Amino acid sequence: MNREIEAIYALWKRELIRFFRAKSRVIGSLGMPFFFLAILGTGLSNAFILPMEGNYLEFITPGIIGMVLMFGSMFSGIVVLMDRQFGFLKETLVAPVSRASIVIGKALGGATTAMFQGIIIMLIAFFLGVNFQIGSVLLLLLFMFMVSVMFVSLGITIASKMEDMHGFQIITNFLIMPLFFLSGALFPLSTAPEILRVASMFDPLTYGVNGLRHILIGYSDIPFTTCFAVISAFTVVFIAIAIWSFNRIEE
Amino acid sequence: MVLKPIIVYFVMTKAIETRELSKNYKELKAVDKVSLVVEKGTIFGLLGPNGAGKTTLISMLVTMRKPSGGSAKVNGFDVEKEAGNVRKSIGIVFQDQSLDDELTAKENLEMHAAMYSVPKAERGKRIKAMIKLVGLKEQLGKEVKTFSGGMKRRLEIARGLVHHPKILFLDEPTIGLDPQTRASIWDYIKKLNKEKGITIILTTHYMDEADSVCGKIAIVDQGKIIASGSPRQLKNELGGDVVSIECRNSEKCRKQLEKFEWVKEAVKHNGTVNIRVEKGEEKIPKILAIVNKQGIKVESVSLRKPSLDDVFIHYTGRTIREQEASPGAAMRLRIKAWGHKR
């Protein structure tokens, strides 16, 4: 058991070292959400009739944090593919530790870096004038953590099924972007057309964004308990699927 | 009662023992019923062309791929039933690079030490010792992406040793490196074996290097071991001398010479005919007379003892390079490149 925990710790540490060493990656990953907030958030401030008090910037901030968590964690998961291409994956696969530990170590590492990005975006939003009403910091961190682990696991699952980085563009355009747009990060679901509203119910990020919105500014299109239950369930299921798929990599 | 300790002793002198170990990919027999014993403390070379099945064989021994049939024991542990114990007791240097480029040499080694649960108090000491062994002390804090190919290889060897394995597997340790670096890598490998008594299993298709490094070799071709023994033994088994003739019409030359009873073997390779005979110095005039009579112009003649290349040609009928072009080998290579089971 000790052996497995040490391996998890080592892999977690690796993710952190890699993330913070590539300064351009840190800055690059924060660029898009920053512009979403600063330009879209203020530019569209009069375009919506919001079902809540507060301005549009306040409405999309939780959405953008959800986006950062998803992008950041999905990417860390998909990095497994790069590890395979550059050979490092083999080194982890032949180590005397279980595959589950490798997945967990990666998931924790990816989640940590994604949460770090999410918190930075929160600070940026704060300086842009967003008035947060955070009930419980602990609940916020727990919720962000679950959303991140869920998406790292999805990333690992995808990476285990893909042969190389060529499919990466497809994943970005046909999975990540639709999940983001459907989640109600940018517009209120309560006033969206029926078909979008129904589709969004199948998008795990919908529950992530609405849960965050509830914790951060006290509004949600979906009851928070539902969000929390769905995200917990998705996290457990996705990590199980990730371990299962990772187990099937033979080399 | 008395027998048991003796049997245990004999079992434990074997670093590796396989019985009819096989790996099939659909119709292709990548490894075909290989039975192999490697004694502890030897440098054992698996020789063969690309795609002969060397890497697949090693992959099974290091528990990366599951055998389709047969069994294998590494350090006395079954590769299927006791994979964890096998992994703990071996070190591996893969054919392709497997370091994390973005980490420093030290971070790579620390990570490995943690994954192999080297006691925390020991880690620093061992990392220092290993990095010194491969002569990378100055580079310890540098990111691996700044390293040359030879330095990366040496770091991988150091990494493979941090957890004090009893066997070190090296898959093509010198491929893609310049001759000088190759020589230094072999020096490190020999030193390791001598000083630490580590059993070394390596694959290569550089015959001359294998000859000078390995205590024992096995020639692998099309998934089978077709000959094994010490390099000297294999060469002696071939016996006699090799007379090499460089000439214009080498095929005709070969055919003419092949007929004679005193010619053990005549093979053509790139405009050179290698003729294996006893007492070579006496046969040269005879050979020249025969060739002259046919009106074949001879450019040069040389006499040497058989090399491992000759051994390889003898057993496979081809040189190690020519084999690479065969369709079977190409298919094996493709399967290796995929390396991924769904």
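What comes next is a walk through the structure. Because the structure is a prediction, the values reported are computed rather than measured.

### Examining the side chain of E107(B)
Residues and elements named next belong to chain B.
Then step 1. Tracing the sequence through the fold places E107 in helix α4 (residues 105–115).
Then step 2. Of the residues examined, E107 reaches a relative accessible area of 16% and is grouped as buried.
Then step 3. A polar contact of 2.9 Å, which involves the side chain of E107, links it to the backbone nitrogen of T104.

### Topic: a nonpolar patch on the surface
All names here are of chain A.
Then step 1. There is a patch of nonpolar side chains on the surface, built from I119, L123, F126, F127, I134, V137 and L141 and spanning about 670 Å² of accessible area.
Then step 2. Secondary-structure elements contributing two or more residues to the nonpolar patch are α5 (99–127) and α6 (137–161).
Then step 3. Ranked by residues supplied to the nonpolar patch, first place goes to α5 with four residues.
Then step 4. Locating I134 in the fold gives a position in the loop between α5 and α6.

### Some details on the interface of chain B and chain A
Then step 1. Facing 32 residues of chain B, the contacting portion of chain A comprises 29 residues.
Then step 2. Summed over the shared surface of chain B and chain A, the result is eight salt bridges.
Then step 3. The interface formed by chain B and chain A contains 11 residue pairs in polar contact (both at pLDDT 80 or more).
Then step 4. Residue assignment for the side of chain B that touches chain A shows that the elements contributing at least two residues are α3 (83–88) and α4 of chain B.
Then step 5. Tallied by class, the residues present in the side of chain B that touches chain A amount to nine nonpolar, nine polar and 14 charged.

### Brief notes about the pairing of strand β4 (residues 69–74) of chain B
Residues and elements named next belong to chain B.
Then step 1. By the bridge criterion, five bridges tie strand β1 (residues 14–25) to β4 in an arrangement that is antiparallel. Bridging from a neighbouring strand, E17 pairs with K73 of β4.
Then step 2. Strand direction decides the pairing type here: β4 and strand β5 (residues 77–78), joined by two bridges, are antiparallel. Pairing of K73 across the sheet is with D78, part of β5.
Then step 3. The turn linking β4 back onto β5 is made up of two residues, and N75 within it adopts a positive phi angle of 55 degrees.

### Remarks on the sheet that holds strand β11 (residues 241–247) of chain B
All names here are of chain B.
Then step 1. The four strands are arranged β12-β13-β11-β14 in an open sheet whose pairing can be described as antiparallel. Sheet topology places β12 (265–269) and β14 (298–304) at the edges, where each strand pairs with a single neighbour. In this sheet, neighbouring strand axes are inclined to one another by 20 degrees on average, regardless of whether the strands run parallel or antiparallel.
Then step 2. Two strands pair when backbone bridges link them, and β11 and strand β13 (residues 272–277) are joined in this way by six bridges, in the antiparallel orientation. In the strand pairing of β13, E246 is matched with T272.
Then step 3. The strands touched by helix α10 (residues 250–258) within the sheet are β11, β12 and β13, with β12 carrying the most contacts at an inclination of about 175 degrees.

### Comments concerning the nonpolar core
Then step 1. By size, the foremost hydrophobic cluster in this structure holds 107 residues, and its most contacted members are I64(A), F143(A), F151(A), F180(A), F246(A), F169(B) and I201(B).
Then step 2. Counting residues per element, this core draws most heavily on helix α3 (residues 56–85) of chain A, which supplies 14 residues.
Then step 3. Among the nonpolar cores identified, the runner-up in size contains 45 residues, and F147(B), W186(B), I189(B) and I200(B) belong to it.

### Regarding the environment of G66(A)
Residues and elements named next belong to chain A.
Then step 1. Here G66 is to be found in helix α3.
Then step 2. With relative accessibility at 0%, the residue G66 sits in the buried group.
Then step 3. Considered as a pair, G66 and A114 are 48 residues apart in the sequence and their alpha carbons are 9.9 Å apart.

### Focus: the side chain of K106(A)
All names here are of chain A.
Then step 1. Topologically, K106 is positioned in helix α5.
Then step 2. The buried category is assigned to K106, whose relative accessible area is 5%.
Then step 3. Only 2.5 Å separates the side chain of K106 from the side chain of E15, close enough to count as a polar contact.

Parameters at a glance
- Residue positions are given per chain, counted from 1 along the sequence in the order it is written.
- Labels are handed out in written order, letters beginning with A for the chains and numbers beginning with 1 for the ligands.
- In view of the model being predicted, local features appear only for residues whose pLDDT reaches at least 70, and side-chain atom pairs are presented and counted only at 80 or more, with totals across whole chains, interfaces and linings using the full set of residues.
- Side-chain metrics rest on all non-hydrogen atoms present in the structure, leaving aside hydrogens and water.
- Only DSSP runs of H or I with at least four residues qualify as helices, and only runs of E with at least two residues qualify as strands; both kinds are numbered from the N terminus onward.
- The buried label goes to any residue with under 20% of its type's maximum accessible area, the exposed label to any with over 50%, and the partly exposed label to all in between, with areas taken from a 1.4 Å probe on protein chains only.
- Nitrogen and oxygen atoms within 3.5 Å of one another constitute a polar contact, given that in protein one can donate a hydrogen and the other can accept it, and given that sequence-neighbouring residues count only through two side-chain atoms.
- Residues enter patches when their relative accessible area tops 30% and they take part in no salt bridge; the joining distance is 9 Å for like charges and 5 Å for the nonpolar side chains Val, Leu, Ile, Met, Phe, Trp and Tyr.
- We get accessible surface area from the Shrake-Rupley algorithm with a probe of 1.4 Å; when it comes to residues, only the shown protein chains can shield them.
- Salt bridges are defined as contacts in which a side-chain nitrogen from Lys or Arg sits within 4 Å of a carboxyl oxygen from Asp or Glu.
- Contacts are assigned to residue pairs that have any heavy atoms within 4.5 Å of one another.
- Amino acid classes used here: Ala, Val, Leu, Ile, Met, Phe, Trp, Tyr, Cys and Pro are nonpolar; Asp, Glu, Lys and Arg are charged; the rest, including Gly, are polar.
- Any two strands are treated as partners once DSSP identifies two or more bridges connecting them.
- Axis definition: a line fit to C-alpha positions, over the contact stretch in the case of helices; interaxial angles, taken between N-to-C directions, run 0 to 180 degrees.
- Among the buried residues, those of types Ala, Val, Leu, Ile, Met, Phe, Trp, Tyr and Cys that are joined through side-chain atoms within 4.5 Å form a nonpolar core.

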